Amino acid sequence: MLTMLSARAGVVPPPILIGHNVKFSISRRLRIRAAEFPDFLPKQVENIKDSSARKLASRIERVPVNLSKGCVLSSCVKPKEQTEAKNPVVLLHGFDSSCLEWRYTFPMLEEAGLETWAVDILGWGFSDLERLPSCDVASKRDHLYQLWSTYIKRPMVLVGPSLGSAVAIDFSVKYPEAVYKLVLIDASVYAEGTGNLATLPKAVAYAGVYLLKSVPLRLYATSLTFNGLPLNTCIDWTNIGRLHCLLPWWEDATVNFMISGGYNVVAQIEHVKQKTLIIWGEDDQIIDYKLGVRLHCELPNAIIRQIPKCGHIPHVEKPDAVSKLIMDFIHSDQSQRANPDSVSTISVLV
């Protein structure tokens, strides 16, 4: 009777799903939802609530990069458009992180018309390392160079936050032709490699790495890095930050890096020839701002900018300010070398 009345009124009633039709409908919805993300990402990506992280995760892809001991499918976010008329911006990430670190700043740079890449450093992020290559400094450097020479091919503005700054300095000294300008964010460049961690027995190293992946430790680190973050956001950002740790080769790659000795770029700093922008969070609780001033003094051609009310990861906490600083730096035609004995170049952003 209801069907007849609806038909007379010109309304088509919804189909009644029974039995296997119900299962088919549920299965189809799950497939549609899963298709939002690349299938190589850990399934826990579905639990992330941050819309910016979800959008960037949906754009992650793997591209083949040839290394000396074989090919690696390397994860990155490629620009929507490439043009030879501009210097591309290539975003690295910090220690044991991924390209999702750029979930807020990446789209801002892209919307401003910059050709922007977010690249996962070998051994971290979402690359396919089933046949694990060496993840020491030389291999990370070679991997970035091969990716650049294959897909980017033009001098780039290389952006490195935290330990990514050491990666950027090492790379720009070894391959100056590949780097047009440098941006270093809350730079971690004065650590002498991994220190005593390099001498640990492998069993102890694996135990330490397992602890590094633990939710309580990651949650504590997130709360320390972003002071005053609401609990729900802190949990979600922790899930974003540890997502790559859920890949099956993460422990092996991290231990490999630890026992290899890590980055020690102190002696390379004076050899950096590119114009460099140093960005520092005023409230960084991880790395002392005095080290930022020291870096500004030791780099031959650098300016420094400080972001107030900001912690250790400005591109997550203050993406507007970071994006503007990067864009201004790229578009500037500054010809004078910064005075290494002065911090007058620090500007306070409101």
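In case you missed it, the structure is sitting above this.
Right, let's walk through the structure included here. (Residues numbered from 1 in each chain as written. Predicted model: local features only at pLDDT ≥ 70, side-chain atom pairs only at ≥ 80, totals over all residues. Heavy atoms only, no water.)

**What to know about the sheet that holds strand E4 (residues 116-119)**
Strand order in the open sheet formed by eight strands is E1-E2-E4-E3-E5-E6-E7-E8, and the pairing between neighbours is mixed. For this open sheet the edge positions go to strand E1 (61-67) and strand E8 (302-307), each flanked by a neighbour on one side alone. Between one strand axis and the next, the sheet turns by 25 degrees as a mean value, whatever way the strands run. Where strand E2 (residues 70-77) and E4 come together, two bridges link them in antiparallel fashion. Paired with Val 77 across the bridge in E4 is Ala 118. Here helix H11 (residues 289-298) sits on the sheet and contacts strand E6 (179-185), strand E7 (275-281) and E8; the angle it forms with E8, its principal contact strand, is near 160 degrees. (Pairing = 2+ DSSP bridges. Helix = DSSP H or I, 4+ residues; strand = E, 2+ residues; numbered from the N terminus. Axes fitted to C-alpha atoms, helices over the stretch in contact; angles between N-to-C directions. Contact = heavy atoms within 4.5 Å.)

**As for the environment of Asp 142**
Positionally, Asp 142 belongs in helix H5 (residues 137-152). Placed 76 residues apart in sequence, Asp 142 and Asn 66 show a C-alpha to C-alpha distance of 9.6 Å.

**Details of the pattern of salt bridges**
Summed over the entire model, instances satisfying the criterion amount to 10 salt bridges. The partner of Glu 46 in a salt bridge is Arg 54, and the shortest N-O contact between them spans 4.0 Å. Arg 54 shares its class with Glu 46; the two are buried. Ionic pairing is found between Asp 328 and Lys 324, a salt bridge with its closest N-O pair at 2.7 Å. Of the two residues, Asp 328 and Lys 324 both sit in helix H13 (residues 319-331), four residues apart, roughly one turn of that helix. Judged by relative accessible area, which is 48%, Lys 324 ranks as partly exposed. (Salt bridge = Lys/Arg side-chain N within 4 Å of Asp/Glu carboxyl O. Buried < 20%, exposed > 50% of the residue type's maximum accessible area, 1.4 Å probe, protein only.)

**Let's talk about the side chain of Ser 75**
Relative to the helices and strands, Ser 75 resides in strand E2. Side-chain polar atoms of Ser 75 contact the side chain of Asp 120, separated by 2.6 Å. In contact with Ser 75, other than residues within four places in its own chain, are Ile 60, Glu 61, Arg 62, Val 119, Asp 120, Gly 125, Phe 126 and Ser 127. (Polar contact = N/O pair within 3.5 Å; in protein donor to acceptor, adjacent residues only side chain to side chain.)

**Here we look at the packing of helix H7 (residues 202-213) against helix H8 (residues 215-225)**
Where H7 meets H8, the closest approach of the two axes is 5 Å, and the angle between their N-to-C directions is 60 degrees. On the basis of their axis angle, the class for H7 and H8 is oblique. In this structure, H7 uses Leu 211, Leu 212 and Lys 213 to contact H8, whose residues at the interface are Val 215, Leu 217 and Arg 218. Across the contact of H7 with H8, the residue classes tally to four nonpolar, no polar and two charged. (Parallel < 35°, antiparallel > 145°, perpendicular 65-115°, else oblique. Nonpolar A, V, L, I, M, F, W, Y, C, P; charged D, E, K, R; others polar.)

**Things to note about unusual backbone geometry**
In this model, Lys 153 sits at a positive phi of 65 degrees, which is unusual for a non-glycine residue. Among the structural elements, Lys 153 can be located in the loop between H5 and strand E5 (156-161). In this structure, Asp 186 is a non-glycine residue whose phi angle is positive, near 40 degrees. Turning to its location among the elements, Asp 186 is positioned in the loop between E6 and H7.

**Some details on the environment of Gly 292**
Mapped onto the elements of the fold, Gly 292 is located in helix H11. Classification of Gly 292 by relative accessible area gives buried; the value is 0%. Along the sequence, Gly 292 and Asp 186 sit 106 residues apart, while their C-alpha atoms lie 7.1 Å from each other. Not counting residues up to four positions away in its chain, the partners in contact with Gly 292 are Ile 278, Trp 280 and Ile 304.

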